[in-house]
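Below, each chain spelled out in residue letters.
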Amino acid sequence: MKLEKQYKCFGGTVSYYSHFSDYTKTLMRFSLFMPPNKPNKAVPYLLFLSGLTCSEDNFTTKAGAYKKASDLGVAILVPDTSPRGGDVPDHEDYDLGQGAGFYIDATQQPWSKNFQMESYIIKELIPLTENKLMLNGEARGIGGHSMGGHGALTLYFKYPAMFQSVSAFSPIVAPSQVPWGHKAFGVYLGENQDIWKQHDACELVRKMPRDTASPTILIDQGADDDFLEEQLKPELFEKACADVGQDLTLRRHSGYDHSYFFIQSFVSEHLEWHFG
């Protein structure tokens, strides 16, 4: 693991790291905000998954999260959204290939060699950073935006013992029912839609035993989001949660869209919700 650059920020640091991944077979990158902290003391942290076209830099530079994170004494870990490089498969469309890993393990060629983002995050990134960078695995939350909101919700349901809390901005909650998911899952996973459902938050929450429902899930959605009706469909997740007794706080905000201006407006409330 190599420290590429580091900046002082609200008394803490924003650092950019790179490392070779055994799962993606590429050099992967992530950013990490660390608050002012006592030496040798592991800190609580939020793993934040970004959306389509994003890298480890978008949330870091646009979300305005680090003043609140510093005040709360919380770290924020932001991985890249996919493997990258000249030898990595790509696509001319923004919603496939590099920048569009969907936080799943691809099974179809040529994607399966590198696009192993679920395994990368769960089996490699989390252990690596907690072992090397003083992050507290007993106080680990997960969040995300859009494609990353899909990733946050599905990883939370797949690995319930790993995350104490989950929140999302404008998540793709039902990828097996919307064009973004049909396109990506068909390419990465093949045409068997039963497999797609294994990576769909609406399907995953319905399979949870009623006596093991998770703590409240927080979702913020802009009511003026251009992708709301065709791609996001939060009402489907709202119904799925209601059907199984899963507590959900779904806030719809008039006038807000899909952008980082929306995230800036509510990110402090998300951090308070996870760690306040």
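All values derive from a computational prediction rather than experimental measurement.

(A) The arrangement of the environment of F33 in detail. Within the element layout of this structure, F33 appears in strand β3 (residues 27-34). Sequence separation of F33 and S55 is 22 residues, and the distance between their C-alpha atoms is 15 Å. Ignoring sequence-local partners within four residues, the contact set of F33 consists of C9, G12, T13, V14, Y66, A69, S70, V74, A75 and I76.

(B) Structural view of the pairing of strand β2 (residues 12-20). In terms of burial, β2 is a largely internal element, seven of the nine residues being buried. As paired strands, strand β1 (residues 2-9) and β2 are joined by seven bridges and run antiparallel to one another. Counterpart to C9 in the pairing with β2 is G12. Taking the residues between adjacent antiparallel strands as the criterion, β1 and β2 are bridged by two residues, where F10 takes a positive phi near 50°. Across eight bridges, the pairing between β2 and β3 is antiparallel. Its bridge partner lying in β3, T13 is registered against M34. Between β2 and β3, which follow one another and run antiparallel, lie six residues, and K25 among them has a positive phi close to 60°.

(C) Focus on the nonpolar core. The biggest cluster of nonpolar side chains holds 64 residues, and the ones touching the most others in it are L47, F102, I121, F157, Y188 and F237. When sequence neighbours within four positions are dropped, the list of residues in contact with Y188 reads L96, G97, A100, G101, F102, I104, A106, T107, Q108, W111 and F115.

(D) Region of the structure containing helix α9 (residues 234-244). Buried residues of α9: P234, F237, A240, C241 and V244, and no others. The buried residues of α9 occupy an angular sector of 120° when the element is viewed end-on, so they sit on one face. Residues of α9 that are buried sit in contact with α4 (147-158), α7 (201-206), β8 (217-222), α8 (228-232) and β9 (248-253).

(E) Quick peek at helix α10 (residues 260-275). Given a rise of 1.5 Å per residue, 16 residues ought to cover 22 Å, and the 21 Å separating the end C-alpha atoms of α10 matches this to within 8%. In α10, a bend of some 50° at F266 exceeds every other bend along the element. Among the residues making up α10, those that are buried are Y260, F262, I263, F266, V267, H270, L271, H274 and F275. For α10, the side-chain oxygen to backbone nitrogen distance between the N-cap and F261 is 3.2 Å, and the N-cap itself is S259.

(F) A look at the pattern of salt bridges. Going through the model one piece at a time under the given rule, you end up with 13 salt bridges. A salt bridge links K183 to D95, with the nearest nitrogen and oxygen atoms 2.8 Å apart. Remark: D95 occurs in the loop between β5 (75-79) and α3 (117-132) and K183 occurs in helix α5 (residues 179-189); sequence separation between them is 88 residues. A relative accessible area of 28% places K183 in the partly exposed class. With relative accessibility at 8%, the residue D95 sits in the buried group. A salt bridge links D243 to R206; its shortest N-O distance comes to 2.6 Å. Within this pair, whereas D243 is found in helix α9, its partner R206 is found in helix α7, the two being separated by 37 residues in sequence. In this structure D243 comes out as partly exposed when scored by relative accessible area, which is 30%. Judged by relative accessible area, which is 36%, R206 ranks as partly exposed. Salt bridges linked by common partners bring D93, D95 and K183 together as one network.

How each quantity is defined
- Residues numbered from 1 in each chain as written.
- Predicted model: local features only at pLDDT ≥ 70, side-chain atom pairs only at ≥ 80, totals over all residues.
- Heavy atoms only, no water.
- Helix = DSSP H or I, 4+ residues; strand = E, 2+ residues; numbered from the N terminus.
- Contact = heavy atoms within 4.5 Å.
- Buried < 20%, exposed > 50% of the residue type's maximum accessible area, 1.4 Å probe, protein only.
- Pairing = 2+ DSSP bridges.
- Core = buried A, V, L, I, M, F, W, Y, C linked by side-chain atoms within 4.5 Å.
- Arc of directions from axis to C-beta.
- Expected span 1.5 Å × (residues − 1).
- Bend = angle between axes of the 7 residues up to and from the residue.
- Polar contact = N/O pair within 3.5 Å; in protein donor to acceptor, adjacent residues only side chain to side chain.
- Salt bridge = Lys/Arg side-chain N within 4 Å of Asp/Glu carboxyl O.

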